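Listed below, chain by chain, are the residues.
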Amino acid sequence: MDRPEEPRNESDQPYASTDETNGFPPRRPSEDEPVSPYRESYEEEPPVPKRRGGGKAFFVGLIGGIIGALLIALIAWPFVRDEMTSAPVSTATPEQAATSATESENDIVSAVSQTKEAVVSVTNLQSSFQGADQETGAGSGVIYKKDGNKAYVVTNYHVVEGASRLSVTLSDGTALEAKVLGEDPTYDLAVLSIDASKVTQVVKLGDSDTLRAGETVLAIGNPLGIFANSVTRGVISAQERTVPVDTNKDGQQDFNTEVIQTDAAINPGNSGGALINTSGQLIGINSMKIAEASVEGVGFAIPINEALPIMRDLEQNGEVIRPQLGIQIRDVQEFPSGFREDRLKLPNDVTRGIVVVGLTGNSGAEKAGMKENDVIVEINGKDINSFADLKSVLYRDAKVGDNVKVTFYRGGEKQTLDVKLSAQAATVQ
């Protein structure tokens, strides 16, 4: 679009030049030179008369300026000094600072170096139809003890389940034959023994009872069976989580295991590996994770304080000797409502518990006077809503020879009995 016409003025033209703009006094036109109507009329300025006493005024002004400058300098000096102190000027050539790890990173690196050689890969070999042993699975394990010519490895039961032969591979790639000393499906633990001559590191045991949510932890294992000594980092999401498990794979939850929840990545093959703190101490045995498309960062480890008594029993006895009441049971909810009302005569508000359907001869329960159709609802003041609750109370809080107070309903009446616990048999609880 065309710009509107602007008023023109010769003095505004970019190439116009006058004597005044060049710093010279107006040129006096000659008598016969025409005068432009846009040019200022020329007038001679009378000479400026010289004033007397100018030197004295100049001297006074100079002295005043110096005094003013000194006053300003005195006032501004503290600010200038602070600025110079806080931001010193350097004329040296800048150098690139060397990159160094933070203290926490150094702790993590140190923790891994103290532990990684104690973490091994465990390969499950099973007989095939052709007669040769074939690899059917791989997991991880942790060397927790060295005694003479033997070293002891803890891993998960499901890692070694059904194996006809086991191979343990050390961090340097050395493969050793392993012997199963004992297995415990309930806690998903197993203890193996290997030749100790090649073992260079044994893990340090920590205290899982002192863990705090948010604490940094590291998982070390053999993910996917091919990435030995992989390290993942996370935090303790929760110190104590109760997770129901099906130990005999009958589709029924029969034990409530207490686990550490962490967001450190625990992938297939990490099972049986180490969960350590930043001091390089073993605080858990990596066991499981929730593997669903909508779930991320939910893994579980068996607390070392829960695992240690099991490990000792497996190492020394080949099995875990647990207490029992000496009864066969079924959950109340397995029975129809009519049976609960007519045969068990339970109050309407009692909808959970375990029903005694059989007793072992000469057991603590039989000696105490318990009978079939008794409905157990508490042991030592703890609610018993299911078979899993019963196992959890007996396995965690009691031992063989203890007396426990059993609260139950018989014929609709609430009663209590003291029952002495005996050693567990294979077919009874």
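Residues numbered from 1 in each chain as written. Predicted model: local features only at pLDDT ≥ 70, side-chain atom pairs only at ≥ 80, totals over all residues. Heavy atoms only, no water.

The helix and strand tally for the protein stands at seven helices and 21 strands. Across the 429 residues in the protein, those meeting the buried criterion constitute 36%. For the protein, the share of sequence-separated contacts (at least 6 apart) that also reach a separation of at least 24 residues comes to 62%. Within the structure as shown, the protein displays about 26,200 Å² of accessible surface, and the carbon and sulfur contribution to it stands at 50%. (Helix = DSSP H or I, 4+ residues; strand = E, 2+ residues; numbered from the N terminus. Buried < 20%, exposed > 50% of the residue type's maximum accessible area, 1.4 Å probe, protein only. Contact = heavy atoms within 4.5 Å. Areas by Shrake-Rupley, 256 points an atom, 1.4 Å probe, with all protein chains shown as cover.)

Attention now goes to the environment of D374. Within the secondary structure, D374 is located in the loop between helix 6 (364-368) and strand 17 (375-379). Of the residues examined, D374 reaches a relative accessible area of 1% and is grouped as buried. For the pair D374 and T407, spaced 33 residues apart in sequence, the C-alpha to C-alpha distance is 9.7 Å. Apart from residues no more than four positions distant in its own chain, D374 is found in contact with I354, V355, V356, F408, Y409 and R410.

Further remarks concern a nonpolar patch on the surface. On the surface, L224, I226 and F227 cluster together into a nonpolar patch covering about 340 Å² of accessible area. The topology assignment puts L224 in the loop between strand 8 (216-221) and strand 9 (230-245). (Patch = residues over 30% accessible without salt bridge, like charges linked within 9 Å, V, L, I, M, F, W, Y side chains within 5 Å. Salt bridge = Lys/Arg side-chain N within 4 Å of Asp/Glu carboxyl O.)

The next thing to look at is the pattern of salt bridges. By the definition in use, this model includes nine salt bridges. As a salt-bridge pair, E306 and R396 come within 3.7 Å of each other at their nearest N and O atoms. Of this pair, E306 sits in helix 4 (residues 304-317) while R396 sits in helix 7 (residues 387-397), and the two are 90 residues apart along the sequence. Residue R396 is classed as partly exposed on the basis of its relative accessible area of 23%. A salt bridge links K382 to D397, with the nearest nitrogen and oxygen atoms 2.6 Å apart. You can see K382 sitting in strand 18 (residues 382-383) and its partner D397 sitting in helix 7, a full 15 residues away along the chain. A single salt-bridge network, built from bridges that share partners, covers D133, R165 and E177.

Next up on the list: the pairing of strand 8. Within strand 8, five of the six residues are buried, which leaves it mostly tucked inside the rest of the structure. Note that strand 8 and strand 9 share six bridges and pair antiparallel. Its bridge partner being in strand 9, V217 is matched across the sheet by G234. In this sheet, strand 11 (residues 274-276) lies alongside strand 8 in antiparallel orientation, the contact comprising three bridges. Across the sheet, L218 pairs through a bridge with I276, a residue of strand 11. (Pairing = 2+ DSSP bridges.)

Nonpolar side chains tend toward joint burial in soluble globular proteins. One finds I143, L189, I194, L325, I376, I379 and V406 to be the most contacted residues of the largest nonpolar core, which totals 66 residues. Among the elements that take part in this core, helix 4 stands out by supplying six residues, more than any other. Leave out the neighbours within four places in its chain, and I379 touches L325, I384, L390, V393, V404, K405 and V406. (Core = buried A, V, L, I, M, F, W, Y, C linked by side-chain atoms within 4.5 Å.)

To continue, consider the pairing of strand 10 (residues 255-262). Extensive coverage of strand 10 is indicated by the burial of seven of its eight residues. Inspection of the sheet shows strand 9 paired to strand 10 by seven bridges, in the antiparallel sense. When the bridges of strand 10 are listed, T242 appears paired with E258. When strand 10 meets strand 13 (residues 299-303), the two strands line up antiparallel, connected through three bridges.

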